[in-house]
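# Topology and contacts: notes
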Amino acid sequence: MQVDYIIIGQGISGTWLSYYLQKENKSYIVIDNKLPDAPSRLSAGIINPITGRRHVAAWMIEELLSFSLNAYNEMGNLLNITAISRKNIIDFFPSAQMRDSFQKRVAEQANYLSLEETISYSDYFNYELGYGIVTPTYTAHLENILPEWRKYLHQNKKLIEEYFDLQFLELTDNYVQYKDITAQKIIFCDGTASAQNRFFNLLPFAPNKGEALFLNIKNIPSNYIFKKGMILVPLASPDSWWIGASYEWDFKHTDPTNEFREKTEMLLKQWLKVPYQITNHIASVRPATLERRPFVGLHPQYPQVGILNGMGTKGCSLAPYFAHQLVLHLCHNQPITPEANVRRFTNVLSRKTNN
Ligand SMILES: Cc1cc2nc3c(=O)[nH]c(=O)nc-3n(C[C@H](O)[C@H](O)[C@H](O)COP(=O)(O)OP(=O)(O)OC[C@H]3O[C@@H](n4cnc5c(N)ncnc54)[C@H](O)[C@@H]3O)c2cc1C
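Residues numbered from 1 in each chain as written. Predicted model: local features only at pLDDT ≥ 70, side-chain atom pairs only at ≥ 80, totals over all residues. Heavy atoms only, no water.

### Let's talk about the site of the ligand
Contacts to the ligand come from 37 residues, most closely from Ser13, Asp32, Asn33, Ser40 and Gly312. A distance of 2.9 Å is found between an oxygen atom of the ligand and a backbone nitrogen or oxygen belonging to Cys316. Looking at the shell around the ligand, the element that brings in the most residues is helix H2 (residues 39-42), giving 3 residues. Of the residues contributing to the shell around the ligand, the split by class is 16 nonpolar, 14 polar and 7 charged. Composition of the shell around the ligand by domain shows at least three residues from each of domain 1 (2-42 + 143-203 + 290-354) and domain 2 (89-135 + 208-286). (Near = heavy atom within 4 Å. Polar contact = N/O pair within 3.5 Å; in protein donor to acceptor, adjacent residues only side chain to side chain. Helix = DSSP H or I, 4+ residues; strand = E, 2+ residues; numbered from the N terminus. Nonpolar A, V, L, I, M, F, W, Y, C, P; charged D, E, K, R; others polar. Domains from an automatic or database assignment.)

The following block contains the structure:
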């Protein structure tokens, strides 16, 4: 088989990369082993313009928000699914300090923060200190997008469902060979696996473990995300909710823990006034990076090898934008945002070949 590109991974990064290559009429094949605990399969899909406890606007958020909204709507239309919904965040203040911090930030981030408490949520939640609103916030419905795009790839014979084994990859000056596939380039969208890959293992990955519970809750308004310490997110199917997540840089294993479950149940008991059932408890590892910026572009020593990775906690907003940018770079030689371009690590990546 001969194609322009081999893509490793069909998480959110590989999905968007293949989508934009398709739009450019390039030929490609995606190789993915559908890891059940890949973060793209367990994420809540939140696209939040505000980040952290200090309510700061997220990096590049204006561009990312408008780009993401169009991109997900466009993909939703193509696949005939709901790919994105607007779900503003009702941010219940967990402490007087957090309320003061939010109030101070409202003046500076008037685009995204507001204090209009026009609706009461006291039928559903206990909250004593009021709430702020983060708007506009969206959820990308990865539970619809990933399987539907996979079906599309499968129907068009663009998917190989197997483990990609790097030892079978050979590079020549002008192309790459993987088993019986010849391609101009191979692009790694394989999440945390890239941190062990001989081309990219010197990049400053900082894998971050996250746990969450899936819940069944009836009769609470599903047009909002609710937050109080943790974040409670409505999923695409009725009465399905997600609560999480933990952020752990230093973890001994990647399994779900009793500690997280007990802590979350304690919060739910204090916060929720309506009954809930836990339907699943998951853990996954985010492909985060030390600088909290993605890795996008071609290897400085091996231009036949590329990467779209390092999406960290924000894969849903970063992946469509940077997949598009990478495709424009590959097809039209357009530049990649310097803070995201993997060539900022040329020294580090070149060192590897000398070893
Ligand atoms: C609990 C939790 C909650 C999160 N919530 C949000 C959120 O609300 N909003 C947000 O924007 N982000 C969120 N994230 C982060 C987000 O999930 C990630 O940034 C994103 O999923 C990364 O996507 P990816 O496609 O780069 O990698 P991955 O999701 O890891 O996908 C990699 C793919 O490659 C495949 N693969 C790997 N190795 C191989 C191989 N050797 N052969 C074949 N296939 C292979 C895997 O099976 C997988 O399908 C969350 C993460 C966690 C853990």
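Next, the rest of the story.
### Considering the sheet that holds strand E7 (residues 89-92)
Pairing within the open sheet is mixed, and its 8 strands lie in the order E8-E9-E7-E16-E17-E18-E15-E19. Single-partner strands in this sheet number two, and they are strand E8 (113-114) and strand E19 (276-286). In this sheet, E19 lies alongside strand E15 (residues 208-217) in antiparallel orientation, the contact comprising 10 bridges. Looking at the pairing, Leu213 lines up with His281 of E19. (Pairing = 2+ DSSP bridges.)

### With respect to the packing of aromatic side chains
Scanning the model with the defined rule gives 33 aromatic pairs in all. Arranged with centres 4.6 Å apart and planes meeting at 15 degrees, the rings of Trp149 and Tyr152 form a pair that is stacked. Here Trp149 and its partner Tyr152 are both found in helix H5 (residues 142-155), 3 residues apart, which amounts to about one turn of the helix. Members of the aromatic cluster, joined through ring pairs, are Trp16, Tyr19, Tyr20, Trp59, Phe67, Tyr72, Trp149, Tyr152, Tyr321 and Phe322. One residue, Lys158, lies across the ring of Tyr28, its end atom 4.7 Å from the ring centre. (Phe/Tyr/Trp six-rings, centres within 6.5 Å; stacked < 30°, edge-to-face > 60°. Lys NZ or Arg CZ within 6 Å of the ring centre and 35° of its normal.)

### Details of the packing of helix H1 (residues 12-23) against helix H3 (residues 61-79)
Following both chains from N to C, one finds H1 and H3 inclined at 75 degrees, their axes separated by 12 Å at the closest point. Taken together, the axis directions place H1 and H3 in an arrangement best described as roughly perpendicular. Counted together, Ile12, Thr15, Trp16, Tyr19, Tyr20 and Lys23 of H1 and Phe67, Ala71, Tyr72, Glu74, Met75 and Leu78 of H3 form the full contact between these two elements. Partitioned by chemical class, the residues of the contact of H1 with H3 number 9 nonpolar, 1 polar and 2 charged. (Axes fitted to C-alpha atoms, helices over the stretch in contact; angles between N-to-C directions. Parallel < 35°, antiparallel > 145°, perpendicular 65-115°, else oblique. Contact = heavy atoms within 4.5 Å.)

### Here we look at the nonpolar core
Membership of the largest hydrophobic core comes to 68 residues, with the highest contact counts inside it found for Trp16, Leu17, Tyr72, Trp242, Leu308 and Phe322. Each of domain 1 (2-42 + 143-203 + 290-354) and domain 2 (89-135 + 208-286) contributes no fewer than three residues to this core. Apart from the residues within four sequence positions on either side, Leu17 is in contact with Ile7, Ile187, Cys189, Leu308, Ala323, Leu326 and Val327. Counting 26 residues, the second-largest nonpolar core is a separate cluster that includes Leu166, Ala195, Leu203 and Ile307. (Core = buried A, V, L, I, M, F, W, Y, C linked by side-chain atoms within 4.5 Å. Buried < 20%, exposed > 50% of the residue type's maximum accessible area, 1.4 Å probe, protein only.)

### Overview of the domain arrangement of the protein
What the domain assignment reports for the protein is domain 1 (2-42 + 143-203 + 290-354) and domain 2 (89-135 + 208-286). Centre-to-centre, using C-alpha coordinates, domain 1 lies 32 Å away from domain 2. Listed per partner, the contact involves 10 residues of domain 1 and 11 residues of domain 2. When domain 1 packs against domain 2, the two sides together hide about 800 Å² of surface, and 62% of this comes from carbon and sulfur. Contact with domain 2 buries surface across domain 1, with Leu42, Glu143 and Thr192 losing the most and accounting together for 52% of the total. The interface formed by domain 1 and domain 2 holds 0 salt bridges in total. In this assembly, domain 1 and domain 2 are joined by 3 residue pairs in polar contact (both at pLDDT 80 or more). (Buried area = accessible area lost by both parts, 1.4 Å probe. Salt bridge = Lys/Arg side-chain N within 4 Å of Asp/Glu carboxyl O.)

### Quick word on unusual backbone geometry
The omega torsion across Thr135 and Pro136 is -5 degrees, close enough to zero to call that bond cis. Along the chain, the position of Pro136 falls in the loop between strand E9 (131-134) and strand E10 (138-140). The omega torsion across Gly244 and Ala245 is -10 degrees, close enough to zero to call that bond cis. With respect to the secondary-structure elements, Ala245 resides in the loop between strand E18 (240-244) and helix H6 (258-271). Phi at Lys157 is positive, roughly 55 degrees, even though this residue is not glycine.

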